[in-house]
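Here is what each chain is made of, one letter per residue.
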Amino acid sequence: MRRSASFTESFRELGLLVFIVVLCAIFQLRNHNFVTLGNIRDLLTNTGILSIMSVGMMMVILTRGIDLSVGAVVAVAGMVSALTVQYFRGISPVVSILEAVAVGTAAGILNGLLVARFNVLPIIATLGTMNIIRGVTYVISGGAWVSSYQMSDGFKRIATGGVLGVSNPIIIAVVINVLFFYFINHMRTGRQIYAVGSNPEAADISGIPRRRIVLLVYTLMGALSGLGGVIWVAKFASAQSDTATGFELSVIAATVLGGVSIAGGSGKVSGLILGTILLGILNNALPLINVSPFWQQAIQGIVILAAVLTNVMVKRNNQRFALRRRAI
Amino acid sequence: MERSIRVERLWSWRTFFLQWEWLLVLIFIAVNIVNSTLSSYYFTADTFLQTPMTFLDMAFLVLPMTMVIILGNIDISVGSTVALSAVIMAVAYNAGLPMVLAVVLCLLVASACGFINGILMTRFKELSSVIVTLATMIIYRGIAYVILQDQAAGKFPKWYSALGWGSVGKVPIILIVFAICAVVFGLLLHKTSFGRKIYGMGSNLTASRYSGVRTDSIIMIVSVLTGLMAGFTALFLTSRMGSTRPNVAQGYELSVIAMVVLGGVSTSGGKGRIGGPLLAIFIIGFLNYGLGLVNVQAQVLLIIVGLLLILSVLVLNVRFRGRYQRSVPSAAKKVAAQEHPNESTP
């Protein structure tokens, strides 16, 4: 029983991996310059923010929740850090990052309190905070942009700099993924996230502080969105009020592609990374093979739907096989 | 059986005035008082007849969304459905299709979008409606972009723009059509067995299925109705704007859900009436109008809608919890009275 479960899970990830390889092969056939070091580095750099935030979204979805406010949090955190840099040019990039993370954390705590403390349905709570946070971003910026020349070089280097040819977003994404891999697989609180998601009542009865776990998950999501926000603004060297509109959909899509079940309680970091890379390829590589950018959204949607439906089919098949085996 | 139902429905002043809708009426009156202090020309028949023209196109979506949320589902693909059907209508008209047929095509495409949502939801019950409509939301909008790219399509005949701007006597056409749709949806939800089944499925889907309700076909009908109403929104929106682009109606789904929830429909399903969302449409619409009078940015409205959404859910939650806590001791007393009839006082 246990072996079959782990087999189907690794089968799923294997499937994703095969799909990514086939996709890359097709791209390479269409454009012989696709698989080059520079291209792969660009692709991964562009996927860094998505990867950082999908880790947070994975934890939220593990607890049967969803967070629609992440795009707005990216905008507000990026805007606050960019405005600060505009007025105090000499400020250290580390302070900017901490500031954005703090703003994101505050937004995350708001979401967490609404969901955990006041029992508001996650989709409704984060829908509301998404509107509020996006509106607040407009108000604090007065509708104006912070442009490239108003930012210090140190600030922009948060996203454009790197160590040994590996850009900062990739490094940060890898560090975050490793940290949270350890956190949710090998630490008590991390395991409790799974417990809360797979059976909230059982978690309550076995003494897991369910509400505190849910609050923690949304807070972490907010903090990671804040981090994503400062990288986003530094990377595009412009902060606007409508930064990252609709980005929440990409983050949720990457998480779902990575095999995190929306019903809660199941999902792995390894699958998540593959899902993020797949979405990153779809987001960034289509122009390279001369597919019109207008096709991008439709193709993305179809791949997401296909992935979700395949997941259901595979699960049904497994259940049928399990039943048949039991009959003999 | 008959009698117990009648007892439950017993009418009293207290339950009548403790309804969520009265609070909404109060908010609506407050909004109007504030608006009237902003402009001395506010309280005229024209204001109340002409203003709804500016916000009613979105309101068509509120009607089916109320059903969807009472079912315990959610549909976030409605904005994309509006965009796709509007784009296809405009392109078909510019390609030489008569406008009447283009309008029919618009409604058909929108219904088809709803039909696809319904098929996915009923065939793949493991998937939550959020995920299904999230995927179709991206796909529908994506197809609209594939068709029209970054261009706009328009140049509609004159009678078509009269649809959005014209009026019969003093009453705008859109208000008349909306009123008819609202009455039809109200009757469907509250006076037919179809409506009762929706409530039943919202409170307990499994129990409904076991008691012989064709749950799949009800979900299909509601999905198609959602699509059809998205088609109406597309018609009136395009008519008012004069042209369409693939990015129209972005974020409509959020405003629509906010209106339904503000109207007192519980997101956990099975509770709510059509009147609340109808009031919510006019509250948010007139609020928007008033903010426009004093030149407040549209973005501030985002904050207000968000706050209203969260506050209304909070108040509803607290109210519900209060009733729940009160009902537990009384139920316990009842059980105790049945078990020990001698100890209870008559």
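Just so it is clear, the structure is predicted and the values come from calculations on it, not from any experiment.

**Student:** I'd like a rundown of the overall build of chain A, residues and numbers included.
**Tutor:** A tally of helices and strands in chain A yields 13 helices and two strands. Taken over the C-alpha trace, chain A has a radius of gyration of 20 Å; the compact-globule value for 328 residues is 20 Å, and the two agree within 12%. Across its three principal axes, chain A shows a C-alpha extent of roughly 75 × 55 × 35 Å. Scored against the burial criterion, the 328 residues of chain A give a buried share of 49%.

**Student:** Summarise the overall build of chain B; cite the residues concerned and give the values.
**Tutor:** Counting secondary structure elements, chain B contains 16 helices and four strands. Among the 346 residues that make up chain B, the fraction classed as buried is 43%. Counting contacts in chain B only where the partners sit at least 6 residues apart, residues at least 24 apart contribute 78% of the total.

**Student:** Could you give an account of the interface of chain B and chain A, with specific residues and numbers?
**Tutor:** With 35 residues of chain B in contact, the opposing surface of chain A contributes 35 residues. At the level of secondary structure, the elements contributing two or more residues to the side of chain B that touches chain A comprise helix H8 (129–148), helix H14 (252–262) and helix H16 (298–339) of chain B. The greatest single-element share of the side of chain B that touches chain A, amounting to 12 residues, is contributed by H16 of chain B.

**Student:** Requested: an account of helix H10 (residues 173–191) of chain B, with residues and values cited.
**Tutor:** Residues and elements named next belong to chain B. Taking 1.5 Å of rise per residue, 19 residues should cover 27 Å, and H10 covers 26 Å from first to last C-alpha, within 8% of that figure. Among the residues making up H10, those that are buried are Ile174, Leu175, Phe178, Phe185 and Leu189. Each buried residue of H10 sits inside an arc of 95° when the element is viewed along its axis, so together they form one side. Among the exposed residues of H10, those oriented more than 90 degrees off its buried face are Ile180, Val183, Val184 and Lys191. Where H10 is buried, its residues meet helix H5 (52–70), helix H9 (158–165), strand E3 (171–172), helix H11 (193–203) and helix H13 (215–241).

**Student:** So, the domain arrangement of chain B: which residues are in play, and what are the values?
**Tutor:** Residues and elements named next belong to chain B. Domain assignment breaks chain B into domain 1 (20–296) and domain 2 (298–346). Of note, the centres of domain 1 and domain 2, computed from C-alpha atoms alone, are 30 Å apart. Classifying every residue of the side of domain 1 that touches domain 2 gives seven nonpolar, four polar and no charged.

**Student:** Which residues make up the packing of helix H3 (residues 20–38) of chain B against helix H15 (residues 275–293) of chain B, and what are the values?
**Tutor:** All names here are of chain B. As a packed pair, H3 and H15 sit with axes 9 Å apart at the nearest point and diverge in direction by 15°. Regarding the angle of H3 to H15, the classification is roughly parallel. As for the relative orientation of H3 and H15, their crossing is left-handed in sense. Where H3 approaches H15, its residues Trp20, Glu21, Leu24, Val25, Ile27, Phe28, Val31, Asn32, Val34, Asn35 and Leu38 are matched on the opposing element by Gly275, Gly276, Leu279, Ala280, Phe282, Ile283, Phe286, Leu287, Tyr289, Gly290 and Leu293. For the contact of H3 with H15, the residue count by class is 16 nonpolar, five polar and one charged.

**Student:** Account for the packing of helix H6 (residues 78–94) of chain B against H8 of chain B, with residues named and values stated.
**Tutor:** Residues and elements named next belong to chain B. Two numbers describe how H6 lies on H8: the axes approach to 8 Å, and their chain directions differ by 25°. Taken as axis vectors, H6 and H8 run roughly parallel relative to one another. The way H6 lies across H8 gives a crossing that is left-handed. The residues of H8 that touch H6, namely those facing Ser80, Thr81, Ala83, Leu84, Val87, Ile88 and Val91, are Met137, Tyr140, Arg141, Ile143, Ala144, Ile147 and Leu148. For the contact of H6 with H8, the per-class residue count stands at 11 nonpolar, two polar and one charged.

**Student:** Can you explain unusual backbone geometry? Please cite residues and give values.
**Tutor:** If you check the backbone angles, Ala237 of chain A has positive phi at about 50° while not being a glycine. Position of Ala237 of chain A among the secondary structure elements: in the loop between helix H10 (210–236) and helix H11 (247–257). A positive phi angle is found at Gln149 of chain B, which is not glycine, with a value near 50°. Looking at Gln149 of chain B, the number of C-beta atoms within 10 Å reads 13, which means it is partly exposed.

Reading the values: rules and limits
Residues numbered from 1 in each chain as written. Chains lettered and ligands numbered in written order. Predicted model: local features only at pLDDT ≥ 70, side-chain atom pairs only at ≥ 80, totals over all residues. Helix = DSSP H or I, 4+ residues; strand = E, 2+ residues; numbered from the N terminus. Rg over C-alpha atoms; globule rule 2.2 N^0.38 Å. Buried ≥ 20, exposed ≤ 12 C-beta atoms within 10 Å, placed from the backbone. Contact = placed C-beta atoms within 7 Å. Expected span 1.5 Å × (residues − 1). Arc of directions from axis to C-beta. Domains from an automatic or database assignment. Nonpolar A, V, L, I, M, F, W, Y, C, P; charged D, E, K, R; others polar. Axes fitted to C-alpha atoms, helices over the stretch in contact; angles between N-to-C directions. Parallel < 35°, antiparallel > 145°, perpendicular 65-115°, else oblique. Left-handed = near helix turned anticlockwise from the far one by under 90°.

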